[in-house]
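Chain by chain, the residues:
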Amino acid sequence: MHKINLLNIKCPLCGISQTKEYIFVKDMTVYKCINCKMMFQDALHLPASGDKCSETFYSLEQAAIELKTAIENERMRIIQGHINRDIKGMRILEIGSGLGVLGNMLKGRQAEYLGIEPSVSLYNASIRNFPYLESNIKNTYFEEARIDKDYFDLILMVDVLEHIPDPVGYIKNVRQHLRNGGILYIEIPNEDLLQLKGWVRRKLDFYFGYPTHPLHVSLFTKNTLSILLRSSGFRPVFVSQNSILGNKSRMKYLLKKRYSLFVDILCNLFNFSKLDLILQQGNLIGIGLRDGL
Ligand SMILES: [Zn+2]
């Protein structure tokens, strides 16, 4: 029988120190917990060239604002499908407010909005894009933002959690800022089938030849995202995959509106076949309810 060398590295999800080296490429090591199957990188030993992978386009042209607003509207439609409430008057916190597009859209729909953005360049870009949001966005880390507890109806975290080395501790902290019955919305890359995907990504030279983004420390699947919600005090309301390759607004935004006809055909193909979802190429969405515990 093949012997697995178990390592004494603590799993960031279940806390048990029984992990194995799962993928090892160049100076990147992805570990996997043999108990809960969580995949992760050691945050203290990330690949040296990780910084190269940061996004560089910050200013938004009008056309890009329209596409991003369409993406945010779709996101809110998914959330509203699970909560029976009008956006007007809702208290909403966005952790990682990025370019400010969701904030602008929510303010337009009369929500009470607060955004938190730790990156100076993204924060500056969001204020340049939407100057009136200056009093609604804080340029700081969530842990240092000093925001009200038991207050928000909805907290959104899009493309944040994969950067957090202690996801359970972080989400427990986030939970304190929701009122009882409040909703947490998480969206992250789906890293299921990582060995296969990593091989394809390396062949295509995505992520500078690494199997995943070098700065993504917590790598989730549908199952580990459900475990995270439950172990942080949430009732999972919806944990599923959302298509990226079948989403026209997203693809047109990513490709900066080039190859428009090709994108239409491709998106229709994926919507019809669901091939991207079968290959676990969508984004993961997790919606958790804060019960009155
Ligand atoms: Zn584990």
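This one's a predicted model, so the numbers in the text were calculated from it and none came from an experiment.

Calculation rules
Residues numbered from 1 in each chain as written. Predicted model: local features only at pLDDT ≥ 70, side-chain atom pairs only at ≥ 80, totals over all residues. Helix = DSSP H or I, 4+ residues; strand = E, 2+ residues; numbered from the N terminus. Rg over C-alpha atoms; globule rule 2.2 N^0.38 Å. Buried ≥ 20, exposed ≤ 12 C-beta atoms within 10 Å, placed from the backbone. Contact = placed C-beta atoms within 7 Å. Pairing = 2+ DSSP bridges. Axes fitted to C-alpha atoms, helices over the stretch in contact; angles between N-to-C directions. Arc of directions from axis to C-beta.

Chemist: Teacher, can you tell me more about the overall build of the protein here?
Modeler: Scanning the protein from terminus to terminus reveals 9 helices and 11 strands. On C-alpha atoms alone, the protein measures out to a radius of gyration of 19 Å, which is about the 19 Å that the 2.2 N^0.38 rule sets for 293 residues. Looking at the protein as a whole, 35% of its 293 residues are labelled buried. For the protein, restricting intrachain contacts to residue pairs at least 6 apart in sequence, the fraction spanning at least 24 positions comes to 65%.

Chemist: I would appreciate a short explanation of the sheet that holds strand β11 (residues 283-290) in the present structure.
Modeler: The strand order β6-β5-β4-β7-β8-β11-β10 describes an open sheet built from 7 strands, whose pairing is mixed. Both edges of this open sheet fall to β6 (137-138) and β10 (234-242), since each of them pairs with a single strand only. Note: strand β7 (residues 152-158) against strand β8 (residues 178-189), 6 bridges, orientation parallel. The residue of β8 that forms the bridge with Leu156 is Tyr185.

Chemist: Looking at this structure, I do not really get the pairing of strand β1 (residues 19-25). What am I missing?
Modeler: Sheet faces and side chains relate simply in a regular strand, where the side chains alternate between the two faces. Of the strand pairs in this sheet, β1 and strand β2 (residues 28-33) are connected by 6 bridges, and their pairing is antiparallel. For Thr19, the partnering residue across the bridge sits in β2 and is Cys33. In sequence, β1 turns back onto β2 through a hairpin of 2 residues, with Lys26 there showing a positive phi of about 50 degrees.

Chemist: Help me out: how do you make sense of the sheet that holds strand β9 (residues 218-219) in this one?
Modeler: In any sheet, the strands associate via hydrogen bonds between backbone groups, in a parallel or an antiparallel arrangement. Within the open sheet, the 4 strands sit side by side as β1-β2-β3-β9. Their pairing is antiparallel. The strands lining the two open edges of the sheet, one partner per strand, are β1 and β9. Looking at chain direction, strand β3 (residues 39-40) and β9 are connected through 2 bridges and run antiparallel. Each bridged residue has a counterpart across the sheet, and for Met39 the counterpart in β9 is Leu219. Running over the sheet, helix α5 (residues 194-203) touches β1, β2, β3 and β9 and is turned about 15 degrees from β1.

Chemist: Any chance you could explain helix α6 (residues 222-231) here in plain terms?
Modeler: Along α6, the residues classified as buried are Thr224, Leu225, Leu228 and Leu229. Down the axis of α6, the buried side of the element spans an arc of 145 degrees, and every buried residue falls inside it. The elements touched by buried residues of α6 are α4 (167-175), β8, β10 and β11.

Chemist: In this structure, what is going on with the environment of Ile83? I would like to understand it.
Modeler: With respect to the helices and strands, the residue Ile83 is situated in the loop between α1 (62-80) and β4 (91-95). A sequence separation of 71 residues divides Ile83 from Leu154, and the C-alpha atoms of the two residues are 9.9 Å apart.

Chemist: It is not clear to me how unusual backbone geometry should be interpreted in this structure. Could you clarify?
Modeler: Phi at Lys26 takes a positive value of approximately 50 degrees, unusual for a residue other than glycine. As for its position among the elements, Lys26 is in the loop between β1 and β2. The backbone phi angle of Asp150 is positive, close to 50 degrees, even though this residue is not glycine. Tracing the backbone through its elements, the reader meets Asp150 in the loop between β6 and β7.

Interpretation in functional terms is not warranted from these geometric data alone.
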